[in-house]
Structures are given as structure tokens and as C-alpha cells.
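Examination of the molecular architecture
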Amino acid sequence: MSNEIEKFRQMSVAEFFAKYREVAGFSNPARALYQTVRELVENSLDATDGHGILPDVRIIIEKVNGNSERSWCRVSVEDNGIGVPPLVMPDAFGRVLFSSKYIIRQTRGMYGLGVKAAVLYAQVTTGSPVEVISSTRGSSYVYMKKLFIDMKKNEPIVVEEAQFRKTNSWHGTRTSLVIECDWQRAKPRIIEYIRRTAVIAPYADILLETLDGEILYFPRTTRKMPKPPREAKPHPHGVDVETLKQIIVNTRAETLLELLETEFQSVGTITALKFLESVGLKPTLKPKTLLRDGSVLVNLVDSMKTFKFKAPRSGHLSPLGEDLVEMGIRRLYDPEWVDAIRRPARAYGGHSFIVEMGLAYGGSIQPSEEPLILRYANKIPLLYEEREDVSYKVVSEVNWKQYGIDFPAPLLVLVHVASTKVPYKGVGKESISDVPELEAEIRSGLLELARRLRSYLSAKEREAEAMRRVLAISKYIPEIARSLKIVEKPPEQWKPLEPGEEKHIVERLVKLVSKHVAVPKVRGSPEEPPNPEDIIRSIIETTKK
Amino acid sequence: MEPRIDKTDLEARRKASLTLREHVLRVLRDVEELSPPKLLIPKRTLSNTIYDPEKGILILGEDVFERNMLDMGETRRFMQTLLMASIIYQALVENEYPTIRDLYYRGKHTITFRDLKGSLKEENTWDEQAESDSALRDLEVMTGLLREHMLILSKEKGKVVGDMRIRSGGDIIDLSRLGHGAYAIESTPDLIEFLDYNAEYVLVVEKDAVFQQLHRIGFWKQYKCILVTGAGQPDRATRRFVRRLNEELGLPVYVLTDSDPYGWNIYSVFKVGSITLSYESERLATPKAKFLGVSMTDIFGDKNKKPYLTEEERRNFIIKAKERDLKRAKELMNYSWFQTNKWKKEINMFLEKKVKLEIEALAGKGLKFLAFQYIPQKIQTGDWID
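Residues numbered from 1 in each chain as written. Chains lettered and ligands numbered in written order. Predicted model: local features only at pLDDT ≥ 70, side-chain atom pairs only at ≥ 80, totals over all residues.

For the rest of this paragraph, the subject is the overall build of chain A. Regarding its fold elements, chain A presents 16 helices and 14 strands. The 545 residues of chain A split such that 42% are buried. The long-range share in chain A, meaning contacts at least 24 apart out of those at least 6 apart in sequence, stands at 74%. (Helix = DSSP H or I, 4+ residues; strand = E, 2+ residues; numbered from the N terminus. Buried ≥ 20, exposed ≤ 12 C-beta atoms within 10 Å, placed from the backbone. Contact = placed C-beta atoms within 7 Å.)

Of regular secondary structure, chain B possesses 15 helices and 17 strands. Within chain B, contacts between residues separated by at least 24 positions form 71% of all contacts whose residues are at least 6 apart in sequence.

Here the focus is helix α16 (residues 532–540) of chain A. Turning to α16(A), its buried residues number three or more, namely I535(A), I536(A), I539(A) and I540(A). Considered in projection along α16(A), the buried side chains sweep an arc of 130 degrees and stay on one side of the axis. Where α16(A) is buried, its residues contact α13 (436–474), α14 (477–488) and α15 (503–516) of chain A together with β5 (110–114) of chain B. (Arc of directions from axis to C-beta.)

Between chain B and chain A, the contact holds 31 residues from the first and 29 residues from the second. Per-element tally for the side of chain B that touches chain A: the top contributor is helix α2 (residues 75–93) of chain B, with ten residues. Each residue belonging to the side of chain B that touches chain A can be placed in one class, and the counts come to 20 nonpolar, six polar and five charged. (Nonpolar A, V, L, I, M, F, W, Y, C, P; charged D, E, K, R; others polar.)

To continue, consider the sheet that holds strand β8 (residues 164–168) of chain B. The strands making up a sheet are joined through hydrogen bonds of the backbone, oriented either antiparallel or parallel. Residues and elements named next belong to chain B. Here three strands make up an open sheet; going across it, the order is β9-β8-β11 and the pairing antiparallel. On the outer flanks of this sheet lie β9 (171–174) and β11 (193–197), each paired with one strand and no other. Between one strand axis and the next, the sheet turns by 20 degrees as a mean value, whatever way the strands run. Looking at chain direction, β8 and β11 are connected through four bridges and run antiparallel. When the bridges of β11 are listed, I166 appears paired with F194. (Pairing = 2+ DSSP bridges. Axes fitted to C-alpha atoms, helices over the stretch in contact; angles between N-to-C directions.)

Time to look at α2(B). Residues and elements named next belong to chain B. End to end, α2 covers 27 Å across 19 residues, agreeing with the expected 27 Å (1.5 Å per residue, within 8%). Across the 19 residues of α2, 17 count as buried, placing the element largely inside the fold. At the C-terminal side of α2, N95 shows a positive phi close to 55 degrees. (Expected span 1.5 Å × (residues − 1).)

It is characteristic of soluble globular proteins that their nonpolar side chains tend to be buried jointly. All names here are of chain A. The biggest cluster of nonpolar side chains holds 96 residues, and the ones touching the most others in it are V119, I179, I329, L412 and V417. A domain split of this core shows at least three residues from each of domain 1 (2–218) and domain 3 (322–452). Look past the residues within four positions of V417 in its chain and what remains in contact with it is F353, V355, A377, V422, I432 and L438. (Core = buried A, V, L, I, M, F, W, Y, C linked by C-beta atoms within 7 Å. Domains from an automatic or database assignment.)

The next subject is the pairing of strand β8 (residues 215–218) of chain A. All names here are of chain A. Relative to β8, strand β7 (residues 205–209) runs antiparallel, the two being bridged by four bridges. Bridge assignment links L208 to a residue of β8, and that residue is L216. Where β7 folds back onto β8 in an antiparallel hairpin, the turn is made up of five residues, including G213, whose phi is positive at roughly 85 degrees.

Once that is clear, we can look at the packing of helix α12 (residues 323–334) of chain B against helix α13 (residues 341–353) of chain B. Residue and element names in this part refer to chain B. One can describe the packing of α12 onto α13 by two numbers: an axis separation of 10 Å at closest approach and a directional angle of 155 degrees. As far as their axial angle goes, α13 and α12 are roughly antiparallel. The way α12 lies across α13 gives a crossing that is left-handed. Between α12 and α13, the residues in contact are L326, A329, L332 and M333 and I347, F350 and L351, respectively. Here the contact of α12 with α13 is built from residues that sort into seven nonpolar, no polar and no charged. (Parallel < 35°, antiparallel > 145°, perpendicular 65-115°, else oblique. Left-handed = near helix turned anticlockwise from the far one by under 90°.)

This part covers the sheet that holds β7(A). Residue and element names in this part refer to chain A. Here we have eight strands laid out as an open sheet, ordered β5-β4-β3-β6-β2-β1-β7-β8, and mixed in their pairing. Only two strands of the sheet have a single neighbouring strand rather than two, namely β5 (155–165) and β8. On average, each strand axis in the sheet is tilted by 10 degrees relative to the strand beside it, whichever way the strands run. Sheet strands in contact with helix α5 (residues 114–126) are β2 (72–79), β3 (130–135), β4 (141–150) and β6 (172–180), and its direction is about 40 degrees off that of β6. Along the sheet, helix α6 (residues 183–200) makes contact with β1 (56–64), β2, β7 and β8, crossing β7 at roughly 170 degrees.

What follows is about the environment of D182(A). Examined against the element boundaries, D182(A) turns out to sit in the loop between β6 and α6. Those residues in contact with D182(A) that sit more than four places away from it in its chain are P29(A), A30(A), L33(A) and S71(A).

All names here are of chain A. Take S71: it is sitting in the loop between β1 and β2. The partly exposed category is assigned to S71, around which 19 C-beta atoms lie within 10 Å. For the pair S71 and P29, spaced 42 residues apart in sequence, the C-alpha to C-alpha distance is 8.7 Å. The contact partners of S71, leaving out residues within four places of it in the chain, are E180, C181 and D182.

Right, let's talk about the confidence of the model for chain A for a bit. All names here are of chain A. Averaged over all residues, the pLDDT of chain A is 86; the fraction at 70 or higher stands at 90%. Looking across chain A, the model is least confident in helix α1 (residues 2–9), with a mean pLDDT of 44, and most confident in β7, with 97. Every residue in residues 1–9 scores below 50 in pLDDT, and together they form ten contacts with partners more than four places removed in sequence or on other chains. The low-confidence segment residues 98–102 (pLDDT under 50) makes ten contacts with residues lying over four places distant or belonging to another chain. (pLDDT = per-residue confidence, 0-100.)

This brings us to unusual backbone geometry. Note: most residues except glycine have negative phi, and most peptide bonds are trans. Between F407(A) and the following residue, P408(A), the backbone shows a cis peptide bond with an omega angle of 0 degrees. Structurally, the position occupied by P408(A) is in the loop between α12 (390–397) and β14 (411–419). In this structure, D334(A) is a non-glycine residue whose phi angle is positive, near 40 degrees. Along the chain, D334(A) turns up in the loop between α11 (322–333) and β9 (337–342). In this structure, A231(B) is a non-glycine residue whose phi angle is positive, near 50 degrees. Assignment of secondary structure puts A231(B) in the loop between β13 (225–229) and α7 (236–249). For A231(B), a count of 17 C-beta atoms within 10 Å puts it in the partly exposed group.

Here is the structure:
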């Protein structure tokens, strides 16, 4: 990707946007509306859960009367995040930056380009500036700025600004854009996107107010949050020539040894010395001298890729955790059964990743011929190109019959890939490629969950069978007891049976059945397993209740 | 008015109720000890039906199956068997005479229970009489008590006339003074007491019409016989009655039926018992009963015997056998009691000629021929099949 960025650097912002508009999904008014919502929501989530704040996100889509021929909307997204300091605000929204930072971090947004693309889109379609209202934590003021991007100079032009004294402790950001849109076509996508976001962030309070006046509200179901991602240095396996160049340009290291030790993860002094020896470079060499000869850099990158360094660390990643995956699925689907699994961290090509999966059955999951797959990369829902995705491949290769599932079935699979570099398949970033290491983790996780589901289903079946047996036998207890009692009375002084005369026999039969027939626990109350005799009594006591 | 109950009746009730109670007390012991309650029931299957060549009757084999209350597939039948026992027990101690239809109605009621979701469900103890009949049969084999012993009534079908006096329900009945009518053999033939008689043999005729004809023409008076009909497939009472005449009075029994597999089968039921009710054969079958006719050689003759019919009569009276008659005949050949030489000859002749003949045809030749020539001559010359 960095090569691509490098190319863009040579263009004007206008040129960039002409191209980026397609790539970033602003190709038509429906897609653009969807994309705008996404960019703003993802920024809001990064500004909250990325900093340990429980997110409150409000999304409002309104109709704006502008140009009569085309349909305009105002998209406003408000969060309770860390806020944008007033000095940063113009650049954050009004300068298309290609960050030279080589520090890697698992975030939702990509390159910090998305929001600016939306700002540009608003500017070219409706001529309106972006309006940002923000306050940081601890600040006594709320700042408002309206700004455009100067497309020739790639500079923010602030057209209006204000500041107000805060009367409460609010902090966060509210961003509004007026864009050309196609609500009807974008609506199903936006709603699905919000629903899937609600699944992956059960700790987020999300409200969507649509142009039709509908309100979609997902109150948070937990206050538990994943720990925020931390920044990490690159791993030698994951570095390309361009990144290495950036590192050397920016480093303060005086020697190659120091460079390796300080700018990379998983490289200690001994490893660094061994590596330098293997490539025949002096540890004391000044790093900047390498910049003179491109071929040396290329060779160095090649050697780094093949040298056996320690595996990349994963501590900086921010997986959700099994309980949050479960909670998220419960939040939207209220399944009969759900379980989640987090696979151990792995790496491909120097990039660490963690796969988390959830499997759910029943509840409000619609039965269908294939499992419903919810795919996420770094907590972003992937909605399109499902059949291209490695998860689809793995899910469709499972022999579900073997796990007790007969389609149509209400089955849901959730796959979350957390990584400093998600191996997307195409520029659309809607599907993940079948990198062998990743595919293996998804498969192991899915099969483990499928096994758990199978044991649940077979336990449920056994339980139902046992319950049927208890019922089939117990229902005849009163009749049997009466018959036995009638004949028990000796012929000489025989009198017709009085009501309740057979009570003792009924009691003995209840005891007898509960002694010999396994009475299963009623699901849902494992703390207080009911007395088996009471279950039998509840079958035959038809007058009470 | 107090029902009139005689000693024989009371004794039968006492015996039957004690036997029933014994079985139920055994179940109650299981219940008290909390061990799985079981009913031991001899199997009423074809594979457990055995021909006893010594006794000459069909008997129930040794196979017994356990009806365990805790066996989900058997609980309903377990309940039905005990329900039947309780109804019969109650009828016995209350001096009633239920019919099998009564038993069905007395036991048929709705039981209610709650399913696993707590909603109220209903189920009948039994829905059709086939179920209560089956429970009764299970109870009979389980206790060794026949329904007659438990004073259960069924429709009276058999009839008897002859020079004989019996006591039934305290009354003395003269079977020779019934006019054109006959004595209907009661459902409880064991309660009949034989007083005196003047007869040399018993003639059982398959058909009621032929019975009436022979009665009116005074056949039994002239030939000193007790005349019985089961009016088609005989009921249990008729079979038990015939058995008692043979066993207790030592009278030989001759059976006269149509000349076809259906008639042979009726003879077989009198003689060895029926396959589906083999458990009662011990008391109902008359192994010494003889098949008097009509036989194939009566129609066609053989090298030692002139046929009873002329060529022309034969042409007029015989009927072409149907496919199912032939099939039935082949089935009968498999039964060991039909595997004597005479029976083989009889059946083979039938399969070869593919014709049958009804007794009425002989009466059509002349009632006098049937009564005063055919029957006496056959008995006199010993022209029967055993």
C-alpha cells in the first residue's frame, strides 16, 4: 500500500480525489452516503473505545433542501470521545495527509484518509463545508469550525469558527456534512452496517435517526470494553523497502545495531548482531549511508524476511474477547445457544493477528440454507464480497451434518480478525484473502465451536428424549394406582374406591419412576435443579396450577 | 330385587377374583419395594403357538414376555392390562356379568396430564374395543383364567338339542322338550351341570340351517344323538360345551361341514383350537373330534367307495373353487394335524378337482337322504377322517 501512497504524493488533492473517490467508495450518491456514515462512525468509535471511553454514538441523517434536481442529506455523527484539539482540527479534517509514520497500530480507519474523502465529496457535490464541534477532556471550551479543503494547495480553509464556554463536562466531537445522497438505495446497507457494528461493540450505545424519522437504538448491554490497541514497532518480516527507507530517514539511531534494536520489535542485541553478521554489514555502520544505494536496501529487506527472528508480538492488538463476542451476538440475535473462541495470536509475513470467532444457534437467527456469516476486520463490519472471503471458504467447507446441523438451520458464524495489517483481497477492503496462517486459525476455531455446538445439540436431544420418556411413563401413574388399589381391596368387604384412596400407591409410583428413570434438569436453571419427583408430580397434578 | 345367584356361580367368582388379586398383589409388592413393576405374559404369537401331538391340540409355548411399566413402549399396555383387571375384579365382587363391550365402556375414560410445557393434555385409556379386547386376552393368558371363568358374557351363538337334562342358574332344563327351538349355549358353559342323558354321540353341524332341518325331522331322536351347531365359526362357549360333552360324558364327537377349506378349518378349530387363541385350547379343544364330512370321496368316490352323488347330481351341486380356497387349502397342508394320509388325500383331491360342495347340496338331494342315509351310514361304516 505504501507504494500507492507514494504515488499519490505526487498528485494534487484534486487528482487524488478523482481517483480515490472510486477506491474509497464515493462512486455514486448511495455508496457515498453509506461510506460517509461509515467513516464518521468509525472515527467516533476510535475516539472512544480506542481510549477507554464507553462509546455513545448518535448518527442523524436529515434531508436538506438544496439543489432541486439532486437529493441532499446532512449526515451528523456525534460521539463522547477524546475530542479534537482546536489547533489540530483544521489539519485533521482539511488536509489530505500521507502520514510518514511507520508506527503500526490496529485502528479502524485506514491512513486517516476516509473522513477527508467525505469532506471532499461534500465540497464537490454540495459546496458545503464540514462543520466540526469538539471539546477535549478537561478543556473548558467547545470549539466549532467550518472548513473547506483547498484542492490545489491541499490546505484547510476555515470559513467560520467559534468557541463557547462549557457549562457541563461534555467532551467529544460532532461532525456534520451535507452531501449529495440516495437514501432509499443506501438505507438497507446503512442499517445492516449499524446492526453489525452493534454486534461487534456491545459496550457501545448507538442511536441512528434516519431521514424517514425512524429511530434505531441499540443501548449498550455491557460496560466491559476490550483494552485499547497500542502502537507497535514493525517486525522485520513485515517491512518493505519503502518503509525501511522511512525508518532510516526518521531514526535517531547512530549505528545499524542501534537501528535494529530500537526501531523494530522482536530484535534484541544478540539477534541483531547475528543478523548483521549473516548479511555481512558492520554493526557500527551509520544507517543513513544505506540510503545511497537502493540495491543494498532491497537486499537487506530480503534478508530480513528470511532471517529467523522471534515471532511478532501481539500484545498491542485489541481483540474483543470471548465474552464480548458472545454478548454482541446475544444483543442482536438472542440465540438459543452461543459460544465464542479466541485463537492464540499468530503471524503472517511479520504481521501478528488474532482470530476471534463466535458461533450461535437458534433465537432470532433466520433459518437458511447457509450459515449467516458476520465478518469483521479490526472491529469493522465487512458487508460485501462475502463469497470472496476466506471465512466464507472455511465455513462452506465444513461438513455441518457431521456436527448435527441440517440445513435450513438458524446458524450464525462471527469471524473477527484483529491485525496490524489485515490481508485484504482487493482495494475495496471488503474481503480477506486466504492467507494460509489465517485460514488455518479460522478453521481450527470454527471446528472447535462446531464441536461444542454438536455436544450441546446432542445433549439437548438426549435431554428431550429422557423427558419424553419420563412423560410417557408418568402420565399413567394415577390410572395405574387406581387400578391397583381397586384390586388390592379383598373381595369380602369390597367397596368402590373413594377419591384419594390410592394416594399412597401414587406416591410410591412417583418415587419408583424417579428412582429408575433419569429425569433431566430443566434447562435454564442450572443453579436450582428441580426435584425429579416434583417434575413427575407436575405431570400428573392436573387440578392445581 | 336381589339377583339370583347360585353356588356354582359364587364359587367361580371367588376363584377368579382371588387369582386376579394374586397377580395384582405381586405388582404391588414391586411398587412397595420400588423395583420395576412387571407383568409376565405368555406370548400370543404364531411362533409361540405349538401343536402338541400327544394332546392333539394347539397350545401356547414357553415364551413369556415381561411387560415392564418403566419400558416407555409398554407403559400404556401395562396400564390397560391393570385397568382391565380392576374392571373385571370389580364386576366379579359386585356379582355382575359384563360383556366384552361393557368392559370396553367401563374402562374407557379420558386421563389428563400436563406435558413438559405445562399445558393440559388428554388421552383415552383406550380408544377402540380392539384395545380393550387385547388387554382382556393378555389378562387371560397372564392369569390362566378364561373370560368364561371371569363370568364375562359374549353373544350366544351356539345351539344344542338332544335327549338330555342340564342345570343352569338353578333351573333344570330338558334339552329334548324345546319344540322347534333349541337351547342357546350360554357364555359360561362351565356353570352348566350335566344331569342325565340318553345319547350315543354328538353331531356338530357347521350350519344353523342344516341343524334346524335335522332337528325338525327328528334326527336326534331316531339316532340317539346330541345335536349341536356353532352357526359358522364356533364361539368359545360352544367349543367348551362340546369339549365337556366329550370329556365328561365320553360321547364321541362328529363334525359335519361343507366340503371346502373353510369347513375344514371349522373342524380344526373344534378339534385343536385356533391359532390366535391357542391359550384357551387346553380347555376348549376336543382333540378326539372326527371329521364326518362332506369329504371329497363322498362326492367323487374312490377305488373302494361308491360316491354318494350320481354323475348328474355332481354336475348340478358342485361349485368351482375360488383362488383363495386353493390358497387356504395349501396353507392347511402345512399344519401338522392335517398331515395324516387321509387328510393329504382329501386336500390333494380338492386341489386336483378344484371344486367344493356345501352340505345344503346333500339336503337338496333330499333331507331324508342326508338324515337317514348319508349321516348314519358314514358313522356306521366309520367313514370319517380323524
